[in-house]
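Now for the letters of each chain:
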Amino acid sequence: MSDTNTGYRNPKRVRLTVGLVYFSTYFKNDDRGVVAKAREVLDDHNIELDVFPTDIKKTASNTIQTDFVPKDTPEDYAKVYKMAKDKLKQMGCTFVIPLPVVFGTYQCSGYGIAPRAPNQLTRLVMIYPEGNSDGLDLLHEIGHASELGHDLRTDDPPRNFMHTTNPRAVMYEYQVKAIAKAPFAVG
Ligand SMILES: [Zn+2]
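Residues numbered from 1 in each chain as written. Predicted model: local features only at pLDDT ≥ 70, side-chain atom pairs only at ≥ 80, totals over all residues.

**Regarding the overall build of the protein chain**
Condition: The numbering of helices and of strands both runs from the N terminus, where a helix is a DSSP run of H or I of at least 4 residues and a strand a run of E of at least 2. The quantity called the radius of gyration is restricted to C-alpha atoms. Its globule counterpart is 2.2 Å times the number of residues to the power 0.38. Exposure is read from a count of other C-beta atoms within 10 Å of each residue's own; the residue is exposed at 12 or fewer, buried at 20 or more and partly exposed in between. C-beta atoms are placed from the backbone. We call two residues in contact whenever the C-beta atoms placed from their backbones are within 7 Å.
In terms of regular secondary structure, the protein chain is built from 4 helices and 9 strands. Against the 2.2 N^0.38 benchmark of 16 Å for 187 residues, the protein chain shows a C-alpha radius of gyration of 16 Å, consistent with a compact globule. With the C-alpha coordinates aligned to their principal axes, the bounding extent of the protein chain is approximately 45 × 30 × 30 Å. Considering the protein chain as a whole, with its 187 residues, one finds that 40% of them fall into the buried category. The long-range share in the protein chain, meaning contacts at least 24 apart out of those at least 6 apart in sequence, stands at 72%.

**Topic: unusual backbone geometry**
Most peptide bonds take the trans configuration, and most residues that are not glycine carry a negative phi. Residue Pro53 is reached from Phe52 by a cis peptide bond, and omega for that bond is -5°. Relative to the helices and strands, Pro53 is located in the loop between strand S2 (47-52) and strand S3 (63-64). In the segment running from Pro157 into Pro158, the intervening peptide bond is cis, with an omega of -5°. By the element assignment, Pro158 lies in the loop between helix H3 (137-145) and strand S7 (159-160). The residue Asn46 is not glycine, and still its phi comes out positive at about 65°. Within the secondary structure, Asn46 is located in the loop between helix H1 (34-43) and S2.

**Looking at the environment of Leu148**
Mapping Leu148 onto the fold places it in the loop between H3 and S7. Since 21 C-beta atoms lie within 10 Å of it, Leu148 is described here as buried. As for Leu148 and Phe95, which are separated by 53 residues in sequence, their C-alpha atoms are 23 Å apart. Leaving out residues up to four positions away in the same chain, Leu148 has contacts with Gly143, Met162, Gln175 and Ala178.

**Thoughts on the nonpolar core**
Condition: Definition of nonpolar core: a set of buried Ala, Val, Leu, Ile, Met, Phe, Trp, Tyr and Cys residues joined via C-beta atoms within 7 Å.
Counting 48 residues, the largest nonpolar core has Ala38, Val101, Val102, Val125, Ile127 and Leu138 as its most contacted members. Residue assignment for this core shows that the elements contributing at least two residues are strand S1 (14-23), H1, S2, helix H2 (74-91), strand S4 (99-103), strand S6 (125-127), H3 and helix H4 (173-180). Looking at this core element by element, the count peaks at 6 residues for S1.

**Observations regarding the pairing of S4**
Selection rule: Any two strands between which DSSP finds at least two bridges are classified as paired.
Most of S4 is tucked away: 5 of the 5 residues are buried. Pairing geometry for S1 and S4, over 5 bridges, is parallel. For Val18, the partnering residue across the bridge sits in S4 and is Leu99. In this sheet, S6 lies alongside S4 in parallel orientation, the contact comprising 3 bridges.

**Structural notes on H1**
An α-helix turns once every 3.6 residues. As a result, residues three or four positions apart point the same way. How we decide: Arc, as used here, means the arc of the directions from the helix axis to the C-beta atoms.
Restricting attention to buried positions, one finds in H1 the residues Val34, Val35, Ala38 and Leu42. Angularly, the buried residues of H1 cover 100° about the axis, an arc narrow enough to put them on a single face. On its buried face, H1 sits against S2, S6 and H3.

**Quick notes on the pairing of S2**
Rules: Crossovers are marked right-handed if the path from the first strand over the helix to the second runs clockwise, as seen with the strands pointing away from the viewer.
Across the two faces of S2 the burial differs, with Ile47, Leu49 and Val51 buried and Glu48, Asp50 and Phe52 not buried at all. Summarising the sheet, S1 and S2 pair through 6 bridges and their orientation is parallel. Bridge pairing links Arg15 to Glu48 in S2. Following the backbone out of S1, through H1 and into the adjacent parallel S2, one traces a crossover that is right-handed.

This is the structure we're talking about:
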C-alpha cells in the first residue's frame, strides 16, 4: 500500500473481459455511463475494458426477465452468477473467463457489490440503477473483483477509485498492477 504514483501505465497492454447483462428489475434503460467511465480511466493506465455485448444499453436481447431480488447470501449470489453465465452463453459470448456484471437490484446496500461466487474463478459484480456522480461504481467493483480493498488514506481530492467517498478519480500503481493480474484479464 506504499505507492501513490497515479501516472503508472502497465508496461504491456492488458484486456479485461466483462460480460454484461441486465435484470428486468433494473429500472433505467442504460448503464448510466459507468462502462465508458471505467474504460476511460483504465485506458490511461494501458488497460483495455472489453465488454460483451458491444451494445451496452438495456435491450430485449441482453435482459433477463426476472423478479428475483437477491438476498446477501452465497446461495443467492450463486444463482445470479449462473443466470448471468447462461444468458451470456445464449447471447454468444466467447470470452473464456469473463467477469459477470449484472445491472439489477439487490437487497444488500451499496451502489455496486462484488460478492464472492462459490466455486467460481471470478467474483460476481452487481450494479444498482442509482449511483455515485463520479461514474466510478463499476471500476470500483472491478477493483474488488481484482481483490483490492478500500484505500482511505487521504480525504483530499483527487481520491483514488477504491475510496468510499465520492468523487474519486485516480488509480495508484499497486491498484493498476492488481487489476492487470485479475482472473478476467487477458494479455
Ligand atoms: Zn467497495
